[in-house]
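Next come the chains, spelled out residue by residue.
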Amino acid sequence: MKAIGFKTSLAIGEKDSFIEFETSKPVPAAHDLLVKIDAISVNPVDFKVRQSSAKDTVLENPKIIGWDAVGIVEAVGENVTLFKKGDEVYYAGDITKQGSNAEYQVIDERITGRKPKSLSIEEAAVIPLTGLTAWEILFDRIRINPEKDKGKSILIIGGAGGVGSIAIQLAKKIAGLTVIATASRPETIDWCKKQGADFVVDHKNLITSVREAGFENVDFILDFVDTNLYWDLMVELIKPQGHIASITGSSDPVALNKLKSKSVSFSWELMYTRSMFQTEDMIEQHNILNKIADLLDEGVLKTTLNETLIGLTADNLKKAHQLLESGKTIGKIAIKL
């Protein structure tokens, strides 16, 4: 099969930052599906792994990354019960295994969902990683209860990005929250409003902007940009007994002691935790992806696709990574094979 990968971590503008090569088609293990991939999408985790996983070394075999795909099941492992040959599926993958930047991939059935019937392959390909991340941070980490928490306020830092775009929709349409999203450019402000944000505030002047929108404090905060950069601002804006959650990680220790006086909770969210540790509830990602597919097919949620590139090529992956690394992408970028 054809695949795109890299042997060393290079700047994206370098000739061999991505290389095209031929490799053996993978064989599904007990719970695996062999998927013929039709479309993929890119996420910030892609370029972060590319930049760091082969730094100052040259790998013997190219590393294949990519964690969003749509395709058709071509074969199944002996213990598979959720899917059969010919099924259309979508998934976000497992960071400990080879990725989706290839013509074929093996993927555990328990972290795979049925492709939304109403969406094109590229529209569906942009959903899994960001959809799972947004769902888990809202309903598994903060544990928002739509009946109890309806009408409460949530501040989403990074509203126009991939995760922010779907999180706005879930927070508004499923959780019933009042959504405040950050954006500063006219095009990102417009995008956040189209996703369903009730208020759009300027992250460059966050506290003043939130208060000018009518909120002294907020019940929940989602950080999709930089935990340390916004930490003191989040500490000030969160309500007593509120909840902050982040996906960004932190190179420096997070000053959790600043939350003590308000009895505020804090959570990390990593979409790969369930697959990485083979948790007992790993199949929840299968269930979540199917719920999201139903919501997309019912028209409650909409795709966050904003750009499509055609062809699995090194050049297309370079272009997609350059766009992501600029920090100015809106929504998601798909690559149709």
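These numbers come from a predicted model, not from an experiment.

What counts, and where the lines are drawn
- Residues numbered from 1 in each chain as written.
- Predicted model: local features only at pLDDT ≥ 70, side-chain atom pairs only at ≥ 80, totals over all residues.
- Heavy atoms only, no water.
- Helix = DSSP H or I, 4+ residues; strand = E, 2+ residues; numbered from the N terminus.
- Rg over C-alpha atoms; globule rule 2.2 N^0.38 Å.
- Contact = heavy atoms within 4.5 Å.
- Areas by Shrake-Rupley, 256 points an atom, 1.4 Å probe, with all protein chains shown as cover.
- Lys, Arg positive; Asp, Glu negative; His and termini not counted.
- Charge placed at Lys NZ, Arg CZ, Asp CG, Glu CD.
- 1 Å grid on protein atoms, 1.4 Å probe; cavity = no way out; pocket = protein on both sides within 12 Å on 5 of 7 lines; lining within 4 Å.
- Points joined across faces, edges and corners; volume = space filled by probe spheres on them.
- Nonpolar A, V, L, I, M, F, W, Y, C, P; charged D, E, K, R; others polar.
- Buried < 20%, exposed > 50% of the residue type's maximum accessible area, 1.4 Å probe, protein only.
- Arc of directions from axis to C-beta.
- Polar contact = N/O pair within 3.5 Å; in protein donor to acceptor, adjacent residues only side chain to side chain.
- Phe/Tyr/Trp six-rings, centres within 6.5 Å; stacked < 30°, edge-to-face > 60°.
- Lys NZ or Arg CZ within 6 Å of the ring centre and 35° of its normal.
- Core = buried A, V, L, I, M, F, W, Y, C linked by side-chain atoms within 4.5 Å.
- Salt bridge = Lys/Arg side-chain N within 4 Å of Asp/Glu carboxyl O.
- Axes fitted to C-alpha atoms, helices over the stretch in contact; angles between N-to-C directions.
- Left-handed = near helix turned anticlockwise from the far one by under 90°.

Student: Provide a residue-level description of the overall build of the chain, including the pertinent values.
Tutor: A count of helical and extended segments in the chain gives 11 helices and 15 strands. Relative to the globule expectation of 20 Å for 337 residues, the C-alpha radius of gyration of the chain, 20 Å, shows essentially globular dimensions. For the chain, contacts bridging at least 24 residues in sequence account for 71% of all contacts bridging at least 6. Split by element, the accessible area of the chain, about 14,400 Å² in all, is 49% carbon and sulfur. Side chains of the chain carry 40 positive and 46 negative charges; the gap between the two charge centres is 3 Å.

Student: Describe the layout of surface pockets, with residues and values.
Tutor: Estimated volume of the largest pocket: approximately 1,200 Å³. What lines the largest pocket is a set of 44 residues, among which Pro-44, Lys-48, Phe-224, Val-225 and Ile-247 lie closest to the centre. Class assignment for the residues of the lining of the largest pocket results in 20 nonpolar, 18 polar and 6 charged. In this model, the second largest pocket occupies a volume close to 160 Å³. When the residues that make up the lining of the second largest pocket are grouped by side-chain class, the tally is 6 nonpolar, 5 polar and 1 charged.

Student: Quick one: what's the story with helix H8 (residues 227-237), residue by residue and with numbers?
Tutor: Of all the residues in H8, the buried ones are Thr-227, Tyr-230, Trp-231, Met-234, Val-235 and Leu-237. Seen from one end, H8 has its buried residues packed into an arc of 155 degrees, which puts them on one side. Where H8 is buried, its residues contact strand S8 (153-157), helix H7 (206-212), strand S11 (218-223), strand S12 (238-246) and strand S13 (265-268). The opening residue of H8, the one whose side-chain oxygen lies 3.1 Å from the backbone nitrogen of Asn-228, is Asp-226.

Student: Please give an account of unusual backbone geometry that cites residues and values.
Tutor: A negative phi angle characterises most non-glycine residues, just as the trans form characterises most peptide bonds. Although it is not a glycine, Asp-56 sits at a positive phi angle of roughly 60 degrees. Mapping Asp-56 onto the fold places it in the loop between helix H1 (44-52) and strand S4 (69-76). Taking relative accessible area as the criterion, Asp-56 reaches 79% and is therefore assigned exposed. One non-glycine residue, Gln-241, lies in the positive phi region at around 65 degrees. Relative to the assigned elements, Gln-241 resides in strand S12. With a relative accessible area of 70%, Gln-241 lands in the exposed category.

Student: Describe the environment of Leu-323, with residues and values.
Tutor: Counting through the fold element by element, Leu-323 comes out in helix H11 (residues 314-325). Along the primary structure Leu-323 and Val-42 are separated by 281 residues, whereas in three dimensions their C-alpha atoms are 10.0 Å apart. When neighbours within four sequence positions are excluded, Leu-323 is seen to be in contact with Glu-307, Lys-328, Thr-329 and Ile-333.

Student: How would you sum up the packing of aromatic side chains? Please name residues and give values.
Tutor: Enumeration according to the criterion identifies 6 aromatic pairs in this entry. A ring pair is formed by Phe-266 and Trp-268, whose centres lie 4.9 Å apart and whose planes are at 80 degrees; its orientation type is edge-to-face. One aromatic cluster is present, built from ring pairs that chain together Trp-231, Phe-266 and Trp-268. The residue whose ring lies beneath Lys-25 is Tyr-104, and the NZ or CZ to ring-centre distance is 4.3 Å.

Student: Please set out the nonpolar core residue by residue, giving values where relevant.
Tutor: Within the largest apolar cluster, 84 residues are counted, with the highest numbers of intra-cluster contacts made by Phe-18, Leu-138, Ile-144, Ile-154, Ile-156, Leu-222 and Ile-292. For this core, the element with the most residues is helix H3 (residues 128-141), which contributes 7 residues. Setting aside residues no more than four positions away along its own chain, Leu-138 makes contact with Arg-143, Ile-144, Ile-154, Ala-167, Leu-170, Ala-171 and Leu-222. One finds Tyr-230, Trp-231, Ile-238 and Val-264 within the second-largest nonpolar core, a separate group that totals 21 residues.

Student: Requested: an account of the pattern of salt bridges, with residues and values cited.
Tutor: Counted under the stated rule, the structure contains 23 salt bridges. Note that Arg-114 is salt-bridged to Asp-297, the shortest N-O span being 3.0 Å. Of this pair, Arg-114 sits in strand S7 (residues 112-114) while Asp-297 sits in helix H10 (residues 284-297), and the two are 183 residues apart along the sequence. Among the ionic pairs, Lys-152 bridges to Asp-149, the shortest N-O distance being 3.0 Å. Of the residues examined, Lys-152 reaches a relative accessible area of 29% and is grouped as partly exposed.

Student: Outline the packing of helix H5 (residues 162-174) against helix H6 (residues 186-195), listing residues and values.
Tutor: Between H5 and H6, whose axes approach to 8 Å, the crossing angle comes to 35 degrees. In terms of crossing hand, the pair formed by H5 and H6 is right-handed. Note on element contacts: H6 touches H5 through Trp-191, Cys-192 and Gln-195, opposite Ser-165, Ile-168, Gln-169 and Lys-173. When the residues that make up the contact of H5 with H6 are grouped by side-chain class, the tally is 3 nonpolar, 3 polar and 1 charged.

Student: So what's going on with empty space enclosed by the protein? Which residues, and what values?
Tutor: Applying the stated criterion across every chain yields a total of 1 cavity of 30 Å³ or more. Estimated volume of the largest cavity: approximately 50 Å³. Forming the boundary of the largest cavity are Asp-32, Asp-94, Lys-97, Gln-98, Gln-105, Val-106, Ile-107 and Asp-108. The greatest single-element share of the lining of the largest cavity, amounting to 4 residues, is contributed by strand S6 (residues 104-108). A class-by-class count of the residues in the lining of the largest cavity yields 2 nonpolar, 2 polar and 4 charged.

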